[in-house]
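Summary of structural features
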Amino acid sequence: MKKHKPLFNIAIISASVLLTTWCINKLIFVTSNLKDRLTTDKDQIYPWRFGNIFYTKTGEGSPILLLHDLKSTASANEWESVISRLSKNHTVYVMDMIGCGRSDKPKMTYTNYVYVQLINDFIRNVIGKPTDIMTSGLSGNIAIMGCTAESELYHRIIMVNPPSEKALRKYPKTNHKALKYLLECPLIGTSIYNMVFSKHAIAKELDKQIFDRELITEKRIEAAHESAHHGGPSARYFYASERSHFTNINSFRMLSRLDKSIYLIFGDFEPDVMDTMDTYISVNPAIEAEILPDCGHYPHLERPEAFMEACSIYLASEDDNIG
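For clarity, every value in this text was computed on a predicted model and none was experimentally measured.

Remarks on the nonpolar core
Judged by nonpolar contacts, the single largest core of 46 residues is most densely connected at Leu65, Met95, Met97, Tyr115, Leu118 and Ile119. With 22 residues, the next largest nonpolar core counts Val92, Val94, Ile158 and Val160 among its residues.

The following block contains the structure:
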């Protein structure tokens, strides 16, 4: 009996550690949603094939669809500073993309094609008209691929700080697939996820992306934290795919063939902004671009009035029905 006692003690300690870790993870997910920062009185649901998609519809006029950046902390909340301005002349649709915000977060592999299907289905089934698209960050890649697949659904494309070609060249290698498997593991993956998306880590990331530090408020950090944790531990599946580059695809060859009005808006504190802008224009010389001063990754949050002035002449006015 005595020779088995050390093994018994190790088992007890291990079980206690695992149980404690599970309880901590559970508590983080429960408490992250208590303040309900993301809910609005205009919430609607689009029942898509892979899950429910939360979106809002505001204003009247030609339609415009706003797509948040493709990351775990992102949601429709990203566009809060410009929605009311846009809705004066347009019907503004803003969604939480699948795996993000309040939308469902199924346990699956998230790829660029999944988001292309989502956006095109949403335009066809919910909006029902050729639509202007305004994207943020990595979601610009979705718009390019979506327009390539079904160009009749798209009118004009405005991309805010789209990804560089270097970022889009990244693809899942063997080590990335191993990382994805690790992040999807129930206890280990959830623990890593909660460390990566703690409030402290989110604040540090926002500090790198937002030039105006006064905008990095506790409310904004809590909204990002809630977005990352809404829906429970299955939220880690999107992060596993995004972190392992499964959501990536190099769309520059398709971009060169697009015959659409495309406008790029950059913040002057975005890393390698000039190189990125020059690359897009060299791929498709018809692209127009502008760099806004004194802002970073989110010029629509930091300088909404200058942002609206920059993009207003590119917004659609046609009212043509699809088909």
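There's plenty left to go through after this.
Focus: the pairing of strand E7 (residues 261–267)
A large share of E7 lies buried, amounting to 6 of its 7 residues. Note that strand E6 (residues 154–160) and E7 share 5 bridges and pair parallel. Counted as the bridge partner of Ile157 is Ile262 from E7. Pairing geometry for E7 and strand E8 (residues 288–292), over 5 bridges, is parallel. Residue Tyr263 lies in a different strand from E8, and its bridge partner there is Glu288.

With respect to the pairing of strand E3 (residues 62–67)
Burial of E3 is extensive: 6 of the 6 residues sit out of reach of the surface. Here E3 pairs with strand E4 (residues 90–95) via 6 bridges, running parallel. Within E4, the residue paired with Leu65 across the bridge is Tyr93. One ladder, built from 4 bridges, connects E3 with strand E5 (residues 131–136); its direction is parallel. Each residue of the ladder has a partner; that of Ile64, found in E5, is Asp132.

Let's talk about the packing of aromatic side chains
In total, this model carries 13 aromatic pairs according to the counting rule given. With a centroid separation of 5.1 Å and an interplanar angle of 80°, the aromatic rings of Tyr55 and Phe122 are classed as edge-to-face. Of the two residues, Tyr55 is situated in strand E2 (residues 51–58) and Phe122 in helix H3 (residues 112–127); the sequence distance between them amounts to 67 residues. Look at Phe252 and Tyr280: their rings are 4.7 Å apart centre to centre, the planes differ by 50°, and that puts the pair in the tilted class. A residue pair is termed long-range when its members are at least 10 positions apart, and Phe252 in helix H11 (residues 252–255) and Tyr280 in helix H12 (residues 273–283) qualify at 28 residues. Judged by relative accessible area, which is 4%, Phe252 ranks as buried. Among the aromatic residues, those joined into a ring-pair cluster are Phe29, Tyr193, Phe197 and Tyr239.

Side note on the side chain of Ser87
For Ser87, the location among the structural elements is in the loop between helix H2 (83–86) and E4. Residue class for Ser87 comes out buried when judged on its relative accessible area of 15%. Residues in contact with Ser87, not counting those within four places in the same chain, are Thr58, Gly59, Glu60 and Val92.

Brief notes about H12
Of all the residues in H12, the buried ones are Val273, Thr276, Met277 and Tyr280. The buried residues of H12 all sit within an arc of 95° when viewed along its axis, so they share a single face. Those residues of H12 that are exposed and angled more than 90 degrees off the buried face are Asp275 and Ser282. Residues of H12 that are buried make contact with E6, helix H5 (165–168), H11, E7 and E8.

Things to note about helix H10 (residues 236–243)
Think of an α-helix as 3.6 residues a turn; residues three or four steps apart then line up on the same face. Across the 8 residues that make up H10, a large majority, 6, are buried. Within the sequence span of H10, burial applies to Arg236, Tyr237, Phe238, Tyr239, Ala240 and Ser241. Of the surrounding secondary structure, the elements contacted by the buried residues of H10 are H3, helix H6 (174–184) and helix H7 (186–196). At the exit of H10 stands His245, carrying a positive phi of roughly 70°.

Looking at the pattern of salt bridges
Any two side chains of opposite charge can pair, on the condition that their charged atoms come close. Applying the stated criterion to the full structure yields 12 salt bridges. For Arg124, the salt bridge goes to Glu150, with nearest N and O atoms at 2.3 Å. Of this pair, Arg124 sits in helix H3 while Glu150 is found in the loop between helix H4 (139–149) and E6, placing the two residues 26 residues apart along the sequence. Between Glu184 and Lys180 there is a salt bridge, with its nearest N and O atoms 2.8 Å apart. Taken together, the residues span about one helical turn, with Glu184 and Lys180 both in helix H6 at a distance of 4 residues. Here the two residues Glu184 and Lys180 agree in accessibility, since each one is buried.

What counts, and where the lines are drawn
Residues numbered from 1 in each chain as written. Predicted model: local features only at pLDDT ≥ 70, side-chain atom pairs only at ≥ 80, totals over all residues. Heavy atoms only, no water. Core = buried A, V, L, I, M, F, W, Y, C linked by side-chain atoms within 4.5 Å. Buried < 20%, exposed > 50% of the residue type's maximum accessible area, 1.4 Å probe, protein only. Helix = DSSP H or I, 4+ residues; strand = E, 2+ residues; numbered from the N terminus. Pairing = 2+ DSSP bridges. Phe/Tyr/Trp six-rings, centres within 6.5 Å; stacked < 30°, edge-to-face > 60°. Contact = heavy atoms within 4.5 Å. Arc of directions from axis to C-beta. Salt bridge = Lys/Arg side-chain N within 4 Å of Asp/Glu carboxyl O.

None of the figures reported here should be taken as evidence of function without further support.
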